[in-house]
Structures are given as C-alpha cells and as structure tokens.
Amino acid sequence: MTNPAPLTLMGAPGSPYTRKMLAVLRYRHIPYRLLLSNSPQLAKLPQAKVPLLPTFYLPGPDGEVVAATDSTPLIRRFEDEFAGRSVLPTDPALAFLNDLIEDYADEWLTKAMFHYRWHYADDISKGAKILPCWRGFSIPDEVLAERGTMISERQISRLRYVGSSPATAPVIESSYVRFLEAMEDHLRLYPYLLGNRPSAADFAVYGQLTQLAEFDPTPMALTLKVAQRVTAWVGMLEDQSGVDPEENGWFDTGNLPPTLLAILTEVGRVYPPVMLANARAVMNKEAEVVAEVDGSPWVQQPFPYQAKCLGWLRDSRNALSQADRTKVDVILSGTGCEAMF
Ligand SMILES: N[C@@H](CCC(=O)N[C@@H](CS)C(=O)NCC(=O)O)C(=O)O
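Residues numbered from 1 in each chain as written. Predicted model: local features only at pLDDT ≥ 70, side-chain atom pairs only at ≥ 80, totals over all residues. Heavy atoms only, no water.

Some thoughts on the overall build of the chain
The criterion, for reference: Strands are runs of DSSP state E lasting at least two residues, helices are runs of H or I lasting at least four, and both sets are numbered from the N terminus onward. Just to be clear, the radius of gyration here is over C-alpha atoms, and the globule rule we use is 2.2 Å times residues to the power 0.38. Note on classification: 1.4 Å probe, protein chains only; a residue is buried when its accessible area is under 20% of the maximum for its type, exposed when over 50%, partly exposed between these limits. In this description, contact between two residues means that some pair of their heavy atoms is separated by no more than 4.5 Å. Here the accessible surface of atoms and residues is derived via Shrake-Rupley with a 1.4 Å probe, and residues count as covered only by protein chains that are part of the display. Charged residues are defined narrowly, with Lys and Arg counted positive, Asp and Glu counted negative, and His plus the chain ends left uncounted. Positions of charges follow a simple convention, taking NZ of Lys, CZ of Arg, CG of Asp or CD of Glu.
When you go through the chain residue by residue, the secondary structure sums to 13 helices and 6 strands. For 341 residues, the compact-globule formula gives about 20 Å, and the C-alpha radius of gyration of the chain, at 20 Å, lands near that figure. The principal-axis extent of the C-alpha atoms belonging to the chain is close to 60 × 60 × 45 Å. Each of the 341 residues in the chain was classed as buried or not, and the buried ones make up 51%. Of all intrachain contacts in the chain linking residues separated by at least 6 positions in sequence, the fraction that spans at least 24 positions is 73%. Summed over its atoms, the accessible surface of the chain is roughly 15,600 Å², and 57% of this surface lies on carbon and sulfur atoms. Each charge class in the chain can be summarised by its mean position, and for the 32 positive and 40 negative side chains these summaries are 4 Å apart.

Structure, rendered in structure tokens:
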C-alpha cells in the first residue's frame, strides 16, 4: 500500500501565513513536511519568483517541481486536489463573506501584527532574539545577536509599507481592540466565524493571531485582557485534526447572527478606505497612499499586491449569480464593506 507523498513547504513559526497554511493542512488531513529556512533540502528545490513564506513545492504543468506562494489561491487549489473537510462554505454568498474576512485578516490584521512586533521595545527585543534562532541557533552568541539586529533593522525599515507610524499607531491599535471585542462576542456564542465548522477565514485570522496572541508580548497581554476566548481559540485552531465537521455546519445567509455582522462592520470601518486609496495610488503611480481611516489620517507606501487583492475580491463578487450577489449586497449594506464593490 502506498501513501500519497506529503506536500513540501518552506516556512517559519514566526510567519502568520505559514501558520495559517499548516493549520489548514492539519484540519484537512493533508500530509505535509515543513522545511525551515535553513534546511539543506532547500538547495535542491527551485526558488519562488518572490521568495515569501510559506513557499510550497508542487508539481507544475510538465511534472517538474514549481515553487508556489500565496496562501489564499493555494487553499483553493488544495480544495480541488484533496477531497473532504472543505474550508470553503457551500453557499456561494457565504463563500464570498469567507473570501472577504480572509482577505481582511491577511491584509489588515497583519498590519497590527507587524506594527506591534516592530514598534514597541519589548516586542522588538523578543523578535530580535527569537526570529534568528529559527534559522539556526547552534552558533556563537555574537553571531546570533548580529543576525537579530539585522532582522529587526530590516523589518523596522519596512514599517512604512504596512502604514505603521506614530501617526497611524492609534488607528491600528484601536481597530485591533475593536476586532478582539467583536470576535470575543462572537465566540461567546459560536465556535467559528461562519458557523459550527472552520473556514479559510478562521485560519487566516488564526494565522495573524498566532503572533499577536501567542508571541509578541505587548499584543499578547492586550489580547488576554480584552478577549480570553480569543486567546484560547488560537491555541485550539492550531490543530483541528480531530474535529469532525458537520455537513450543514455553516450559517444560513438568510439569518446571520448579529455578532458576525458586527465583525463585518469592524472590517468595513477600517479596511475599505485603505484598500481603495491604495488601489488608486497604485493605478496613478503615486508616491504615497493618503486616506482617512476612522476619522484619522492614514499614510503608507503604495502596495501593488493589495491592489490585486481588491481586484480578486471584486471578481469573486462578480462571479456570483444575480440572486447571490443581491444576498451579499443586502448583508454588507451598512457595514462599510459595500464601498469596495
Ligand atoms: N500573500 C502572501 C503573504 C506571504 C508573506 O507576506 N510572507 C511574509 C512572512 S509572513 C514574508 O515572507 N515576507 C518576506 C520576508 O520575511 O523576507 C500569503 O498569503 O502567503
């Protein structure tokens, strides 16, 4: 008897998107092997065009191994290639809400993750100590310290890409707290974002929270203080291999709980203004994204990838039938999210 070959990926424990994918693979019972970035096996594997974590090594069209990145399309690819335990809702309207919350987690919550890690002294210090160890720690202390300084200096210089600055810090932080409160209210009643079974949106939120709630000291203390259930949930989402999904465990889009609408309203408060202003700046080749978020000024470096994300979300809404699009539009009306479509 032969078992299917495990999927191979390169990733790191400090990468939220790696954690997102590992949790999806565990839940879906897809066998995998994880290579850390110092693995000797990487020498024999191709490099991705944009070397991001995680990188998967998958069979390409001619059977040769191809390096593939980007968690969201990879999750969809694995839905086609592996049967059962789907993380995508069957109702197309709910599947669209899944896409929206997944993108908010990947593209907005990650701002909080990156901001807290590289803004506060305690968090910078922990990042500089631990992140280099994940590329190999059997080295002299001075070399490890040098690598820590190198990583932290590089990441701090990238804060401008996510839009974290002293001016935007209060916007990022208050939106994180409101998200936690909304998520805590939801978890008081339901185990997952979209019902009684986990979705890609849950794993995307989980990925960012592995860092915010379990690694970086400032947001970790804050998360526990504001949202004890959210902290506990992150620990549980890591390994959902023993959860048997209920076939009909998804919410009915005709009757969504107010706690989910409150989460969508938080999404709509912060994420559309930045996504729209960014897409405009990218299109007009402007040097800066200038927007207003929640009544405060927002400035960041344009990010072409996020302009593509907005395009994919619009495609996903346009692909719905007329009836499903109407359903989605009614749900989103008044949340602020409708501004993107
Ligand atoms: N959209 C991508 C994002 C992946 C990503 O940004 N990965 C980060 C780490 S979590 C990365 O590799 N950054 C470059 C670096 O660390 O050198 C996904 O969903 O997988």
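Picking up after the structure, the text goes on.
Quick word on the domain arrangement of the chain
Under the convention used in this document: For each domain, the first and last residues come from an automatic or database assignment. Here the quantity called buried area is the accessible surface, traced with a 1.4 Å probe, that two parts lose on coming together, added over both.
One can read the domain layout of the chain as domain 1 (7-81) and domain 2 (92-237 + 252-340). Taking only C-alpha atoms into account, the centre of domain 1 sits 21 Å from that of domain 2. Opposite the 18 residues of domain 1 that make contact, domain 2 presents 24 residues. For the pair domain 1 and domain 2, the summed buried area comes to about 1,600 Å², and 52% of that belongs to carbon and sulfur atoms. Among the residues domain 1 hides against domain 2, the three largest losses belong to Pro16, Arg19 and Tyr27. Together they make up 28% of the total.

Structural notes on the nonpolar core
Note the cut-off: By nonpolar core we mean a set of buried residues, namely Ala, Val, Leu, Ile, Met, Phe, Trp, Tyr and Cys, connected to one another through side-chain atoms within 4.5 Å.
Residues Phe56, Phe78, Val205, Trp233 and Tyr271 are the most contacted members of the largest nonpolar core, which totals 84 residues. It is helix H3 (residues 92-119) that provides the largest number of residues to this core, a total of 13 residues. Mapped onto the domain boundaries, this core takes at least three residues apiece from domain 1 (7-81) and domain 2 (92-237 + 252-340). With residues near it in sequence (within four places) discarded, Val205 still touches Ile101, Ala105, Leu109, Phe179, Leu193 and Trp233.

Quick word on the site of the ligand
Basically, it comes down to this: Here a residue is near a molecule or strand as soon as one of its heavy atoms is found within 4 Å of it. Polar contact criterion, stated in full: a pair of N or O atoms within 3.5 Å, where within protein one must be able to donate a hydrogen and the other to accept it, and residues adjacent in sequence count only if both atoms are side-chain atoms.
Taken together, the neighbourhood of the ligand is formed by Ser15, Pro16, Tyr17, Leu52, Leu53, Asp70, Ser71, Arg158 and Tyr305. Take Leu53: an N or O atom from its main chain is 2.7 Å from an oxygen atom of the ligand. Taking Ser71, its side chain carries an N or O atom lying 2.5 Å from an oxygen atom of the ligand. Its free accessible area being 510 Å², the ligand has 77% of it covered by the protein chains.

Thoughts on the environment of Pro73
Counting through the fold element by element, Pro73 comes out in helix H2 (residues 71-81). It is 28 Å that separates the C-alpha atoms of Pro73 and Pro257, two residues lying 184 residues apart in sequence.

Concerning the packing of helix H1 (residues 16-27) against helix H8 (residues 200-212)
Filter applied, for reference: Under this scheme, a helix contributes an axis fitted over its contacting stretch, all axes are lines through C-alpha atoms, and angles between N-to-C directions fall in the 0 to 180 degree range. Put simply, angles under 35 degrees are roughly parallel, angles over 145 are roughly antiparallel, angles from 65 to 115 are roughly perpendicular, and the rest are oblique. Handedness of each helix crossing follows the sense of rotation of the near helix against the far helix: counterclockwise by less than a right angle gives left-handed, clockwise gives right-handed. Polar here means any residue other than Ala, Val, Leu, Ile, Met, Phe, Trp, Tyr, Cys and Pro, which are nonpolar, and Asp, Glu, Lys and Arg, which are charged; Gly is therefore polar.
Two numbers describe how H1 lies on H8: the axes approach to 7 Å, and their chain directions differ by 130°. On the basis of the axis angle, H1 is oblique to H8. Judged by the twist between their axes, the crossing of H1 over H8 is right-handed. For the pair H1 and H8, contact is made by Pro16, Tyr17, Arg19, Lys20, Ala23, Val24 and Tyr27 and by Phe203, Ala204, Tyr206, Gly207, Gln208, Thr210 and Gln211, respectively. Residues of the contact of H1 with H8, tallied by class, amount to 8 nonpolar, 4 polar and 2 charged.

A few points about the pattern of salt bridges
Oppositely charged side chains may form a pair once their charged atoms are brought near each other. To be explicit about the condition: Salt bridge criterion: a side-chain nitrogen from Lys or Arg within 4 Å of a carboxyl oxygen from Asp or Glu.
Evaluation of the coordinates by the stated rule reveals 17 salt bridges. Note that Arg76 and Asp99 form a salt bridge whose closest N and O atoms lie 2.7 Å from each other. Remark: Asp99 occurs in helix H3 and Arg76 occurs in helix H2; sequence separation between them is 23 residues. Given the relative accessible area of 21%, Arg76 is considered partly exposed. Beyond isolated ion pairs, a larger network of salt bridges with shared partners links Lys20, Arg76, Asp99, Glu102 and Asp106.

Some words on unusual backbone geometry
The linkage connecting Leu53 with the following residue, Pro54, adopts the cis geometry, with an omega of -5°. Looking at the element boundaries, Pro54 is found in the loop between strand S2 (32-35) and strand S3 (55-59). For Arg85, which is not glycine, the phi torsion reads 50° and is therefore positive. Residue class for Arg85 comes out buried when judged on its relative accessible area of 16%. Of note in the backbone geometry, Asp294 takes a positive phi value of approximately 55° without being a glycine. Note that Asp294 resides in the loop between strand S5 (289-293) and strand S6 (296-300). The partly exposed category is assigned to Asp294, whose relative accessible area is 35%.

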